[in-house]
Amino acid sequence: MISQYNIHIKGLVQGVGFRPFVYRLATDMHLHGYVDNRNDGVFVMIQATPSQKDDFVKGLTTHKPDVAEIETVTVLEKPVSKPLPDFFIAPSREVDNHITRISPDIAVCDECLQDLISQPHRIRYPFINCTHCGPRFSIINALPYDRPGTTMSVFRMCPECEAEYTDVRDRRFHAQPIACNHCGPHYHLFMKNGYETVDYEEILSRMAAVLRQGGVVALKGLGGFNLICNAENEKAICRLREIKKRYKKPFAVMFPDVPTLSHYLNILPLEKEIVSSWRRPIVLLEEKQKIGTGINDGYKTVGAMLPYLPVHYHLFASSELKALVMTSGNRGDNPILTDNDAALSDLLREVDLFVEHNRDISNRVDDSIVQVVGEQPRIIRRSRGFTPEPLSLKFDTEGILALGAERVSMFALGKDKEIILSQYIGDLKNRETYLFYREALDKFCLLFRFTPRYLVCDAHPDYFSTQLALQLAQRFQIPLLRVQHHHAHAAAVMAEYGLTEDVIAVCLDGTGYGDDGCIWGGEIFRCNQSEYRRIAHLPYVPLPGGDAAAKSPWRMAVSYLKSIYGSKADYPETFIERLGESHIRQIEMLIEKGVNTPLTSSTGRLFDAVASLLGICDENTYQAEAVALLEQIAENGISRCYPINSDNPLDLRSLFDGILKDYRLSVPVSEIASVFHNTLSAMLLNIIIQKVKTERLTTVVLSGGVFQNKRLTNLLIKQLANRKISYYLSSRIPCNDGAIAVGQLYIAALKKRG
Ligand code: ZN
Ligand code: ZN
Ligand code: FE
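Values in this document were obtained by computation on a predicted structure and should not be read as measured data.

Trainee: How do you make sense of the coordination of the zinc ion (ligand 1) when you look at a structure like this?
Mentor: Those donors, Cys109 (SG), Cys112 (SG), Cys130 (SG) and Cys133 (SG), are the protein atoms that reach the zinc ion (ligand 1), and they lie 2.3 to 2.4 Å from it. If you look at the zinc ion (ligand 1), its four donor atoms make angles of 103 to 117° with each other, and the shape they trace is tetrahedral.

Trainee: What's the story with helix 3 (residues 110–118) in this structure? I'm lost.
Mentor: Given 3.6 residues per helical turn, the α-helix brings residues three or four places apart onto the same face. Looking only at helix 3, the buried set comprises Cys112, Leu113, Asp115 and Leu116. Buried residues of helix 3, seen end-on, are gathered within an arc of 155° and therefore sit on one face of the element. Turned more than 90 degrees from where helix 3 packs its buried face, Asp110 and Ile117 sit exposed. In this structure, the buried residues of helix 3 make contact with helix 9 (310–319).

Trainee: Got a minute to help me understand the sheet that holds strand 23 (residues 480–483) in this structure?
Mentor: Sheet strands associate in pairs through backbone hydrogen bonding, adopting either a parallel or an antiparallel arrangement. The six strands lie next to each other as 18-21-20-19-22-23, forming an open sheet whose pairing is mixed. In this open sheet, the two edge strands, each paired with only one partner strand, are strand 18 (391–392) and strand 23. Where strand 22 (residues 454–458) lies against strand 23, four bridges are found, and the strand directions are parallel. Residue pairing for strand 23: valine 456 is matched across the bridge by leucine 481.

Trainee: Explain the side chain of arginine 147 here, please?
Mentor: Checked against the element boundaries, arginine 147 lands in the loop between helix 3 and helix 4 (159–166). At 9.0 Å, glutamate 162 is the nearest oppositely charged side chain to arginine 147, a buried residue that forms no salt bridge. Within the structure, the side chain of arginine 147 is placed 2.8 Å from the backbone oxygen of isoleucine 178, a separation counted as a polar contact. Beyond its immediate stretch of four places on either side in the chain, arginine 147 contacts Met152, Ser153, Phe155, Met157, Gln176, Pro177 and Ile178.

Trainee: I tried to follow the packing of aromatic side chains on my own but got confused; where do I start?
Mentor: The geometry of an aromatic ring pair comes down to the distance between the two centres and the angle between the two planes. Scanning the model with the defined rule gives 23 aromatic pairs in all. With 5.2 Å between their ring centres and 85° between their planes, phenylalanine 411 and phenylalanine 444 make a pair best called edge-to-face. A residue pair is termed long-range when its members are at least 10 positions apart, and phenylalanine 411 in the loop between strand 19 (400–402) and strand 20 (412–415) and phenylalanine 444 in helix 11 (residues 431–447) qualify at 33 residues. Like phenylalanine 411, the residue phenylalanine 444 is buried in the burial classification.

Trainee: Mind showing me how you'd approach the side chain of arginine 605 here?
Mentor: Relative to the helices and strands, arginine 605 resides in helix 18 (residues 603–613). Among the polar contacts listed, one links the side chain of arginine 605 to the side chain of aspartate 608, at a separation of 2.7 Å. When residues no more than four places from it in sequence are discounted, the contact partners of arginine 605 are Gly510, Leu543, Ala550, Met556 and Tyr560.

Trainee: How should I be thinking about unusual backbone geometry in this particular structure?
Mentor: With an omega of 5°, the peptide bond between threonine 387 and proline 388 qualifies as cis. A positive phi angle, close to 55°, is found at histidine 174, a residue other than glycine. Among the secondary structure elements, histidine 174 is positioned in the loop between helix 4 and strand 6 (187–190). With a phi close to 45°, arginine 449 is a non-glycine residue in the positive phi region. Mapped onto the elements of the fold, arginine 449 is located in the loop between helix 11 and strand 22.

About the cut-offs
- Residues numbered from 1 in each chain as written.
- Chains lettered and ligands numbered in written order.
- Predicted model: local features only at pLDDT ≥ 70, side-chain atom pairs only at ≥ 80, totals over all residues.
- Heavy atoms only, no water.
- Donors = N, O, S within 2.8 Å, 3.2 Å for Na, K, Ca; no water.
- Tetrahedral: all angles 85-135°; square planar, octahedral: opposite > 155°, others 65-115°.
- Buried < 20%, exposed > 50% of the residue type's maximum accessible area, 1.4 Å probe, protein only.
- Helix = DSSP H or I, 4+ residues; strand = E, 2+ residues; numbered from the N terminus.
- Arc of directions from axis to C-beta.
- Contact = heavy atoms within 4.5 Å.
- Pairing = 2+ DSSP bridges.
- Lys, Arg positive; Asp, Glu negative; His and termini not counted.
- Salt bridge = Lys/Arg side-chain N within 4 Å of Asp/Glu carboxyl O.
- Polar contact = N/O pair within 3.5 Å; in protein donor to acceptor, adjacent residues only side chain to side chain.
- Phe/Tyr/Trp six-rings, centres within 6.5 Å; stacked < 30°, edge-to-face > 60°.

Here it is as C-alpha cells:
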C-alpha cells in the first residue's frame, strides 16, 4: 500500500550537498517524489510503502554527508494526491521567518584536491570547491543559501560549471560557490615597485621565493588576510612581529601535513582528529622539537594547523618549507583585514608581497583555536569552521539578543530554540573592533531575520556592550536584563549541557563586575538558571591603579604582600632590584591611601602576583601573558603542595609563605610554579568538597578564562573524578568571556518564559 510521506528535516542541511544526497538515496530506492530547500530546512515528499519509508528515513541519517547535521526528522503520512512520474529536485521556496542553519566554512576536501590534478578546467584552480567543501558563512549575505545571496553572485558561471551545477549526479550540483579557471575568482599580486600580476603560477613561485628568503607575504584567505613567513627563520619572524606590532604573543604555525607536524609536536589521536577535521582549527600542542626562535618564547605549546585552502597546499609544495607562521593580517589589536583596498593601503608597504583575490568576504572569520583537556576538545576561540553553528536548547529563545562582555566579545541571538553565537570579535575598547562588532550584529540580524524583542547584557556599567544595550533598549522600547558576569559564566556551561538544577559553580577569571562594586573573579556560587548566591570567593586584595593593575603583574605582587604581611612585607631581593624601591613604595602608598584601588577577588590577578614575584613576568604585553607564562614554566612530575587551611581553604597566607620561602631557598622557579598550581587546585578541591556537602548538591560547573589553563584544569578535574563529583566544563563554547553572551541568553530565556 503506497502512501505519500511529507518529511521535514531540520539541522545543518543546507549548503552541504544534502539535496543531491536525498535525490540519490530516493532514486536508488526507485521512489517517486521530490526534495526542496526551504528556509526552515529541507522538505522531502516520497510516495512509498511504509517499509520503504522506514528504510528511506534510516538512510537519511546513516548515509548523510559528513558535514551535515540532522536535528529533527518529522514524517507526516498523507494519502497519495496524484502519482508522480519520478523523483526530482524542486526550486527553493521561502516559507516563513524560520530560517535553517548556515554551514560554517569547510576546508577543501580530498576529492577537490584530486580534481586539481585531473579536471581539465580546474587544473590547479585555487578556488575549487564542491557541495562538501569550500566557503560558506564567510561569503553569505542573505538566506536562503543560493548563489545570488553570496559574494559569488558577481561571477557568471561558464557553460561547463553551469552543466555541473545543474547535474544532480555531479558533486557540484548546486555548489553555490562553484567556479573554475574560466569563470571564477582569481588571485592578484602587488609589489612595492608597482609590479602586478594575476598569473597564479607566477604568484605562487614569487610567494615561495619570498618565503624561502625570509620575507613576509600578505595573502587574502577565507575569512580575512593572513601574514605569512617561514616558521624556521628567526629574522623573518622578527620582521613579522615588527609589522604586526606584536612582540611576544605566540604565533600559530601551519604544517603541510600530519607527519611533518608530528615531527615537531606531540599529538594524541583525538588532537589529530581535530586538527585534520573539516573545521581545521588551530590546535594547541606540546612542542617536541623547537620550530623556530621567536614563535612561542616561554611556551611549551604551539598553536598548530593544517592547510585548509588549495593555495596553502600549493604554497608548501612550491616552497618546500616545513612550517609557516600563519597569522591574522592586521596591525596591533585591530580586527583581521578583509577589504582589498584597506589591506593594500595598510600592508603593501610593510610586506614583501601582497596577494589579494576578488571574491569578497562578507563575514570576517579568524582561525578558531581548540585544545584538548580531560579527553575533550575545548574551544578557546570560536570562529572559522564553527560559526554560525547554533547551540540547541529545550526551550524558546526567540527574540533575545545577548550582547556579551567586552574584552573577548561575542554576541548571541535567540532563534526558535537555538542560541546563535557570533564569531569571535575581540576587545571592544579598540574602536575598529567595536565597529566590527556593530557590523557583525547588523549582519546577523539581517541574515537570521532577527528583530530583538528582549535584551540582555552584563552588569558592568562601563562595558561598551552595556552602553549599546542601553541605547538599543531605548530605541526599540524593549526590556533589558542585566546579568552578573560570573552568573553568566556559570549559565553558559549550564546552557551547553542543558543543566537546569542547582549547581556549585566555580568561576575563575580576570575581571567581572561584582554586586558590591568590587571586581570579582575567584567566585564560588550556588546557582541555577535564575538566581545565584555567592558562597565563597578568593580573599579581596586592592587592585592598585584599577585597570592598570591588570597590565602590571608586579603591582599585584605588591598588593598581595602588603595585604598579607602589612608593613612586614618582605619582597624578594631580585624583585626590588627589578622594580626599584621607590616604585614599590608608590604602589604601597596608593594602597594605604585607597586612591584608585578597588578591591578584587580575581584569580587572574593572583597568577599575576605569583608570576611577578618569581620574576617570570612583571608587565603584560598581551592579555593574560603572566598567567600563561606561569603555566608554561611549571614543571611536570611534582606533586607537593603548600599547606592549606582546612577551615578556610581559600586563605592565601600559607601559599605566599611557601612561595617566598622556596624562592629564597633558590628552589627552581619551574618547581615553585608547579607547586603553586598544585596548591591552587587543592584549595579549590577543598572548597568544592566543603560546599557540595553543606549545600547538599552533587553537580559542579567550572567556568571562566582561568580554565584555559590546562595544568590547573587537569589537576582539578582528575581530583573531582576521583571523588565521584560530577563536573561540567564547556567544550563547544569557550570558557572565557566569549561564553558570556550564551550565559546571558540562557538566563534571559528562563526569565522571558517565566
Ligand atoms: Zn570539495
Ligand atoms: Zn567555470
Ligand atoms: Fe569573565
